[in-house]
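Residue-level structural notes
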Amino acid sequence: MKDPNTVIVQLERISKTFQTRTSFLTGPPKGVVALNRVSFEILRGEIFGLVGESGSGKTTTGRLMVKLETPDSGKLWVDGNDITQIKGRNLKKFRRKVQMIFQDPYQSLNPYLSVFESVSEPLIVHNVGDSKTRKDRVRQSLHAVGLSPPDDLFYRYPHQMSGGQRQRIAIARAMVLEPEFVVADEPTSMLDASIAIHIFNILSELRKKFKVTFLFITHSLAAARYLCDRIAVIYKGEIVETGPAEDIIQNPQHPYTQALIQAHPRFRHAIKRNITRSRRT
Amino acid sequence: MALLAVENLSVGYHTRKGFLKSVQGVSFSLAEGESLGLVGESGCGKTTIGMSLMGLLPENAAVTGGKILFEGTDLLQLSKTEIRQVRWKKIAMIFQAAMNALNPVHRVSEQIAEAILAHHADISEEAALKQVESLFQVVGIPPDRMRDYPHQYSGGMKQRAIIAMALSCNPSLIIADEPTTALDVIVQDQILTAIKDFQKRLNICLIFISHDIAVVADVCDSIGIMFAGQLVEYGNVKDVFDTPMHPYTQTLLASYLTLDKDFVQLNSNPGKIPDLINPTAGCRFSERCALADAACSLNTPEWVEISPTHKALCSRFK
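Residues numbered from 1 in each chain as written. Chains lettered and ligands numbered in written order. Predicted model: local features only at pLDDT ≥ 70, side-chain atom pairs only at ≥ 80, totals over all residues. Heavy atoms only, no water.

**Structural notes on the overall build of chain B**
The cut-off we apply is this: Strands here mean DSSP runs of E at least two residues long; helices mean DSSP runs of H or I at least four residues long; both are numbered from the N terminus. Only protein chains enter the accessibility calculation, which uses a 1.4 Å probe; a residue whose area is less than 20% of its type maximum is buried, one above 50% is exposed, and one in between is partly exposed. Contacts between residues were defined by any pair of non-hydrogen atoms, one from each residue, lying within 4.5 Å. Method for areas: the Shrake-Rupley scheme with a 1.4 Å probe, in which residue coverage is limited to the protein chains shown. A residue counts as positive if it is Lys or Arg and as negative if it is Asp or Glu; His and the chain ends are not included. Charged side chains are reduced to one point each, which is NZ for Lys, CZ for Arg, CG for Asp and CD for Glu.
Along chain B, the regular secondary structure elements total 10 helices and 12 strands. Along the first, second and third principal axes, the C-alpha atoms of chain B reach 65 × 50 × 40 Å. For chain B, the residues scored as buried account for 53% of the 318 residues in total. Considering only residue pairs separated by 6 or more positions, chain B has 65% of its internal contacts joining residues 24 or more positions apart. Approximately 14100 Å² of chain B is accessible, and the part contributed by carbon and sulfur atoms is 51%. For chain B, the centre of its 27 positive side-chain charges and the centre of its 34 negative side-chain charges are spaced 5 Å apart.

Rendered as structure tokens:
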């Protein structure tokens, strides 16, 4: 294990295979290898990007780190503890430090809970403070994600809010316990481009303000480049390239990374000068 | 003559809070074989336009004005039976969520054959399945996967099957509503290549609806930028990208994350969604616009022609 003061998450030869369900019609179970001996580490305070296509194993990696899945083999340390065997009271303590933001804010928020109930729920589960301090914490958390004045939103329900607002509620819910490490699994893939950038800017503000470490899972190299310090590219359950974001974009080594860059949509025409102009105005 | 000419189209929805003016005064036209991209954020009315062209607006929607001239006839004047002759045979649609657009309990090939059989009484089932096979070749699905069920397909393959279904009756116009939004970049690239390919080869008109401006730049000849139910800039793709005139277009272009440019920190202020039940008489973008003055929020903006193939709805150019 590396020094937990600098390395917050460390994966060492992590493998995970899913068994397909068996039935009399489908025949014997088949193993689907989601991750094959994956090793990398995330440094304290950084935003680390995990980039890959659908089915590459990026979400499985994120779920392993928050202990929603258990690896078949390998070692996984989060904040100095080996979490592969963690159970009971230690697991609950661990869950307080680690949170997840899910892809689809239309499905990750309970439609029957008001904003206040949704955001304060983690505090109740972990028995934090009395009702007054909880209210303050919720207020702070909503404020941190740019939803203000927070009190106006307390008794609103998810269906009364836009996609961008819902995702910010989901982020507030993840941040309310002041976690050390947050996994954001494609938090903007259901949102418009301008709102996506707004969410990215909120995440990088939160990192600065609360010194949280983020794992940012995405299929867009451009988004990873915008937000992340370092990037790992994952393909068919294996990490093919890791390095500082800008290096990977400018000088991709692996053919798959090159293909990802090639596939990224770009403008046919020279629009560079217009962009600089419009930014000045 | 243009294949499709939309003139001053206005569509709204009856809601509990009042009549929501979703699309207002939108005009554009398409010649045979041309492709047009409609770009804008969620709720700007781009899907409503697509649905009006198909005659598939929901119950609570009402067209309050304008014309949709397709091959010279106004689609809005047609009866339900008459529009059924146009729908899918002449105008087909590639729907947004490919994963939900297929029926899970029927084989993919049968679903596409069903579309062919529904519109051609004289075709036998075998002939229809033969056609499906050649359609699958066009969109790049291996023929041995024809008899599979939708759940056996990947996201990209489902999207290809949906495209095959749209092509099944040889339409002259296809409306593609966010066909690649749920897909990752690699699959998106493949689907876009497939769309560009059939569009050129079969000389089909294409209306491509997306919130991704770079995708539209890649596929379309002309582009319409929409904001709050109105077109705000319209023109040739090259003109619009080389000299974006409307401040909203400029923001859209500036907020696009690319891999080509040097890194820049982007300013994000999504701003409020304009009220479409009681829209302002002035420019709808004025609240978010960095260049707006008091006059902008009072006076109704007018179209300014920048070149014969490029115009913008902004009063600052007068």
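**Things to note about the pairing of strand β12 (residues 310-313) of chain B**
All names here are of chain B. Heads up, the rule is: Between any two strands, at least two bridges found by DSSP are needed for them to pair.
Where strand β10 (residues 230-236) lies against β12, three bridges are found, and the strand directions are antiparallel. Bridge assignment links Tyr-234 to a residue of β12, and that residue is Lys-311. With four bridges connecting them, strand β11 (residues 303-307) and β12 associate as antiparallel partners. Bridged to Ser-307 within β12 is His-310. Counting the residues between successive antiparallel strands, the hairpin from β11 to β12 contains two residues.

**Some details on the pattern of salt bridges**
Proximity of charged atoms lets side chains of opposite charge pair with each other. The line we're drawing: By definition here, a salt bridge exists when the distance from a side-chain nitrogen of Lys or Arg to a carboxyl oxygen of Asp or Glu is within 4 Å.
Under the definition given, this model contains 22 salt bridges over all chains. Between B:Arg288 and B:Glu41 there is a salt bridge, and its shortest N-O distance comes to 2.9 Å. With B:Arg288 in the loop between α10 (247-254) and β11 and B:Glu41 in the loop between β3 (35-39) and α1 (46-54), the pair connects residues that are 247 residues apart, well separated along the chain. One salt-bridge network, held together by shared partners, links A:Arg44, A:Asp79, A:Lys97 and A:Glu180.

**Concerning the side chain of B:Asp184**
Put simply, the test is: Distance and chemistry together define a polar contact, namely a pair of N or O atoms within 3.5 Å, with one atom able to donate a hydrogen and the other to accept it when in protein, and with adjacent residues in sequence counting only for side-chain atoms on both sides.
Within the fold, B:Asp184 resides in the loop between β7 (173-177) and α7 (185-201). It is A:Lys58 that comes nearest to the buried, bridge-free B:Asp184 among opposite-charge side chains, at 6.1 Å. At 2.5 Å, the side chain of B:Asp184 forms a polar contact with the side chain of A:Ser54.

**Side note on helix α4 (residues 115-125) of chain A**
What α4(A) keeps buried is the set A:Val115, A:Phe116, A:Ser118, A:Val119, A:Ser120, A:Pro122 and A:Leu123. Buried-residue contacts for α4(A) involve α5 (131-144), α6 (150-153) and α7 (163-175) of chain A.

**Structural notes on the packing of helix α4 (residues 108-119) of chain B against helix α5 (residues 125-139) of chain B**
Residue and element names in this part refer to chain B. Applicable threshold: Throughout, an axis means a line fitted to C-alpha atoms (over the contacting stretch in the case of helices), and angles, computed between N-to-C directions, take values from 0 to 180 degrees. Angle categories are assigned with fixed cut-offs, so that under 35 degrees is roughly parallel, over 145 is roughly antiparallel, 65 to 115 is roughly perpendicular, and the rest are oblique. In this scheme the handedness of a crossing depends on how the near helix is turned from the far one: anticlockwise by less than a right angle means left-handed, clockwise means right-handed. Just so you know the grouping, Ala, Val, Leu, Ile, Met, Phe, Trp, Tyr, Cys and Pro go in nonpolar, Asp, Glu, Lys and Arg go in charged, and all remaining residues, Gly too, go in polar.
Between α4 and α5, the shortest axis-to-axis distance is 9 Å and the interhelical angle comes to 115 degrees. Compared by their axis directions, α4 and α5 come out roughly perpendicular. Here α4 and α5 pass one another in a crossing that is right-handed. Mapping the contact onto sequence places Val-108, Ser-109, Ile-112, Ala-113, Ile-116 and Leu-117 in α4 and Glu-125, Ala-128, Leu-129, Gln-131, Val-132, Leu-135 and Phe-136 in α5. Across the contact of α4 with α5, the residue classes break down as 10 nonpolar, two polar and one charged.

**Observations regarding the packing of aromatic side chains**
Short version of the rule: Under the pairing criterion, centres of Phe, Tyr and Trp rings, with the six-membered ring standing for Trp, must be within 6.5 Å; the plane angle then separates stacked pairs below 30 degrees from edge-to-face pairs above 60, leaving the rest tilted. The rule for a charge over a ring is simple: NZ of Lys or CZ of Arg within 6 Å of the ring centre, and within 35 degrees of the ring normal.
Evaluation of the coordinates by the stated rule reveals 11 aromatic pairs over all chains. With a centroid separation of 5.2 Å and 65 degrees between ring planes, the pair formed by B:Tyr248 and B:Phe285 is classed as edge-to-face. With B:Tyr248 in helix α10 and B:Phe285 in the loop between α10 and β11, this pair connects stretches of sequence that are 37 residues apart. The same class applies to B:Tyr248 and to B:Phe285, which are both buried. Within the aromatic cluster, the residues linked to one another by ring pairs are A:Phe116, A:Phe154 and A:Tyr155. Lying over the aromatic face of B:Trp303, B:Lys311 brings its terminal NZ or CZ to 4.7 Å of the ring centre.

**Observations regarding the environment of B:Ser35**
Residue and element names in this part refer to chain B. Topologically, Ser-35 is positioned in strand β3. A sequence separation of 173 residues divides Ser-35 from Phe-208, and the C-alpha atoms of the two residues are 7.4 Å apart. The contacts of Ser-35, once residues within four sequence positions are left out, are Leu-30, Gln-199, Leu-206, Val-219, Cys-220, Asp-221 and Ser-222.

**Observations regarding the sheet that holds strand β1 (residues 4-15) of chain B**
Residue and element names in this part refer to chain B. Taken in spatial order, the four strands of this open sheet run β2-β1-β4-β5, and their pairing is antiparallel. Both outer strands of the open sheet, β2 (18-30) and β5 (73-74), are each paired with one neighbouring strand and no more. For strand β4 (residues 61-70) and β5, the ladder comprises two bridges, and the chain directions are antiparallel. From the neighbouring strand, Leu-69 faces β5, where its bridge partner is Asp-74.

**Thoughts on the sheet that holds strand β9 (residues 230-235) of chain A**
Residue and element names in this part refer to chain A. Read from one edge to the other, the open sheet built from six strands follows the order β6-β7-β8-β3-β9-β10, with strand pairing classed as mixed. Lying at the two open borders of the sheet, with one neighbouring strand each, are β6 (98-101) and β10 (238-244). Taking each pair of neighbouring strands and ignoring which way they run, the sheet shows an average axis angle of 15 degrees. The pairing of strand β3 (residues 47-51) with β9 spans four bridges and is classified as parallel. The residue bridging Phe-48 from the neighbouring strand is Arg-230, located in β9. Each of β6 and β7 (181-185) touches helix α2 (residues 88-97); the most contacted strand, β6, lies at about 55 degrees to it. The strands that helix α8 (residues 193-210) touches are β3, β6 and β8 (213-218); relative to β8, the one it contacts most, it runs at about 160 degrees.

**Description of the environment of B:Leu135**
Residues and elements named next belong to chain B. In this fold, Leu-135 is placed in helix α5. Taking relative accessible area as the criterion, Leu-135 reaches 10% and is therefore assigned buried. Each C-alpha atom, one on Leu-135 and one on Ala-161, is 8.9 Å from the other, the two residues being 26 residues apart in sequence. Other than its neighbours up to four places away in sequence, Leu-135 contacts Ile-112, Ile-116, Ala-164, Leu-167 and Ser-168.

**A short note on the packing of α4(A) against α7(A)**
Residues and elements named next belong to chain A. Running from amino to carboxyl end, α4 crosses α7 at an angle of 30 degrees, the nearest separation of the two axes being 7 Å. If you check the angle between α4 and α7, you find them roughly parallel. In the packing of α4 onto α7, the handedness of the crossing is right-handed. Residues Val-115, Ser-118, Val-119, Glu-121 and Pro-122 of α4 form the contact with α7, whose own contacting residues are Ile-169, Ala-172 and Arg-173. A breakdown of the residues in the contact of α4 with α7 according to their chemical character gives five nonpolar, one polar and two charged.

**Concerning the nonpolar core**
The line we're drawing: In these notes, a set of buried Ala, Val, Leu, Ile, Met, Phe, Trp, Tyr and Cys residues joined through side-chain atoms within 4.5 Å is what counts as a nonpolar core.
The biggest cluster of nonpolar side chains holds 92 residues, and the ones touching the most others in it are B:Leu4, B:Ile207 and B:Phe208. The element contributing the most residues to this core is helix α6 (residues 155-167) of chain B, with eight residues. With residues near it in sequence (within four places) discarded, B:Phe208 still touches B:Leu36, B:Gly37, B:Leu38, B:Ala176, B:Pro179, B:Leu192, B:Ile195, B:Val215, B:Val216, B:Val219 and B:Cys220. Core analysis: the next-biggest nonpolar cluster, separate from the first, contains 59 residues, A:Ile101, A:Ile199, A:Ala224 and B:Leu266 among them.

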